[in-house]
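Read off the chains here:
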Amino acid sequence: GLSAAGEMAGLLHDLGKTEIPAELLNKRGRLTDEEFAIIKSHPKKGYELIRNIPLDVKIKEACLLHHERCDGSGYPFGVSGNKISLYAKILAIADVYDAMTSPRSYRQALCPFKAIEIFEQDGFYKYDLKSLMTFLENIGFSYLNNSVLLSDGRKGEIVILNKLYLSKPMVKCGEEFVDLSKFPDLTIETII
């Protein structure tokens with residue numbers, strides 16, 4: 001089913017990074033065009049490593065195409081829309097979310113609600129919409145009733161998700177209910 005093959009694709013998708021020099025993967029600061037071209041070769045390198053292994057073709061496709069985007073802005077081929085398998089589309093979303101919410105040498109991990117906001121800002125053209133909305137709703141629901149720190153310093157608890165604006169839930173701060181969707185500059189800083 002989707003889950004077993006999906007899990008395998010999730011485990012194998014960045015296998016090609018084992019072929020990229022570690023100092024390049026961990027470099028602080030901007031990559032040169034040449035360095036970025038080497039990094040962008042990892043889906044093809046990973047595919048080559050598993051090409052002749054008897055695995056479901058969906059897994060191999062997902063590994064090869066997980067950096068492609070629905071609007072054609074991805075790599076290594078710049079394909080778009082239905083030329084990208086559903087597995088690869090789902091893996092792309094999970095991979096980007098994981099990258100945003102993991103610490104990097106050049107920045108701290110982003111709060112899950114900041115990651116959701118980034119997807120809301122530019123994700124609707126790049127990613128499979130149905131998969132993206134399902135993924136973001138599941139992330140939001142997983143933080144329901146969690147304590148959070150708001151960007152204005154107040155502490156509160158996420159009490160209601162806003163399905164139209166998942167990065168801006170209703171937060172209960174003491175006795176006050178704060179609808180973040182009505183305050184463009186007020187955000188969830190961190191989960192506590």
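See the structure printed just above.
Because the structure is a prediction, the values reported are computed rather than measured.

### Quick look at the overall build of the protein chain
Link 1 in the chain: Across its full length, the protein chain holds eight helices and five strands.
Link 2 in the chain: Moving toward the C terminus, one meets the helices and strands of the protein chain in the order α-α-α-α-α-α-α-α-β-β-β-β-β.
Link 3 in the chain: Considering only C-alpha atoms, the protein chain reaches an extent of 60 × 40 × 25 Å along its principal axes.
Link 4 in the chain: For the protein chain, with 192 residues in total, the buried portion stands at 39%.

### Examining helix H8 (residues 129-142)
Link 1 in the chain: In this model, H8 (14 residues) spans 20 Å end to end at C-alpha, consistent with the 20 Å of a helix rising 1.5 Å per residue.
Link 2 in the chain: Within H8 the residues assigned to the buried category are Ser-131, Leu-132, Leu-136, Ile-139 and Gly-140. Projected down its long axis, H8 carries its buried residues within an arc of 165 degrees, all on one side.
Link 3 in the chain: Contacts from the buried residues of H8 go to helix H6 (86-100) and helix H7 (112-126).

### A word on the packing of aromatic side chains
Link 1 in the chain: Under the definition given, this model contains four aromatic pairs.
Link 2 in the chain: For the ring pair Tyr-97 and Phe-135, a centre distance of 5.4 Å and an interplane angle of 75 degrees mean the geometry is edge-to-face. A residue pair is termed long-range when its members are at least 10 positions apart, and Tyr-97 in helix H6 and Phe-135 in helix H8 qualify at 38 residues.

### Description of the environment of Ala-62
Link 1 in the chain: Its location among the elements puts Ala-62 in helix H5 (residues 57-65).
Link 2 in the chain: With relative accessibility at 0%, the residue Ala-62 sits in the buried group.
Link 3 in the chain: Residues Ala-62 and Ile-90, spaced 28 residues apart in sequence, show a C-alpha to C-alpha distance of 8.7 Å.

### Focus on the pairing of strand S1 (residues 147-150)
Link 1 in the chain: Only one face of S1 is covered, namely the one carrying Val-148 and Leu-150; the face carrying Ser-147 and Leu-149 has none of its residues buried.
Link 2 in the chain: With three bridges connecting them, S1 and strand S2 (residues 155-160) associate as antiparallel partners. Within S2, the position partnered with Leu-149 by the bridge is Lys-155.
Link 3 in the chain: Between the end of S1 and the start of S2, which pair antiparallel, lie four residues, with Gly-153 showing a positive phi angle near 95 degrees.
Link 4 in the chain: Relative to strand S5 (residues 188-191), S1 runs antiparallel, the two sharing three bridges. Bridging from a neighbouring strand, Val-148 pairs with Ile-191 of S5.

### A word on a nonpolar patch on the surface
Link 1 in the chain: Side chains of Phe-124, Tyr-125 and Leu-129 sit close together on the surface and give an oily, nonpolar patch of about 360 Å² of accessible area.
Link 2 in the chain: Tracing the sequence through the fold places Leu-129 in helix H8.
Link 3 in the chain: On the basis of relative accessibility, which here comes to 45%, the residue Leu-129 falls in the partly exposed class.

So, how was this worked out
Residues numbered from 1 in each chain as written. Predicted model: local features only at pLDDT ≥ 70, side-chain atom pairs only at ≥ 80, totals over all residues. Heavy atoms only, no water. Helix = DSSP H or I, 4+ residues; strand = E, 2+ residues; numbered from the N terminus. Buried < 20%, exposed > 50% of the residue type's maximum accessible area, 1.4 Å probe, protein only. Expected span 1.5 Å × (residues − 1). Arc of directions from axis to C-beta. Contact = heavy atoms within 4.5 Å. Phe/Tyr/Trp six-rings, centres within 6.5 Å; stacked < 30°, edge-to-face > 60°. Pairing = 2+ DSSP bridges. Patch = residues over 30% accessible without salt bridge, like charges linked within 9 Å, V, L, I, M, F, W, Y side chains within 5 Å. Areas by Shrake-Rupley, 256 points an atom, 1.4 Å probe, with all protein chains shown as cover. Salt bridge = Lys/Arg side-chain N within 4 Å of Asp/Glu carboxyl O.

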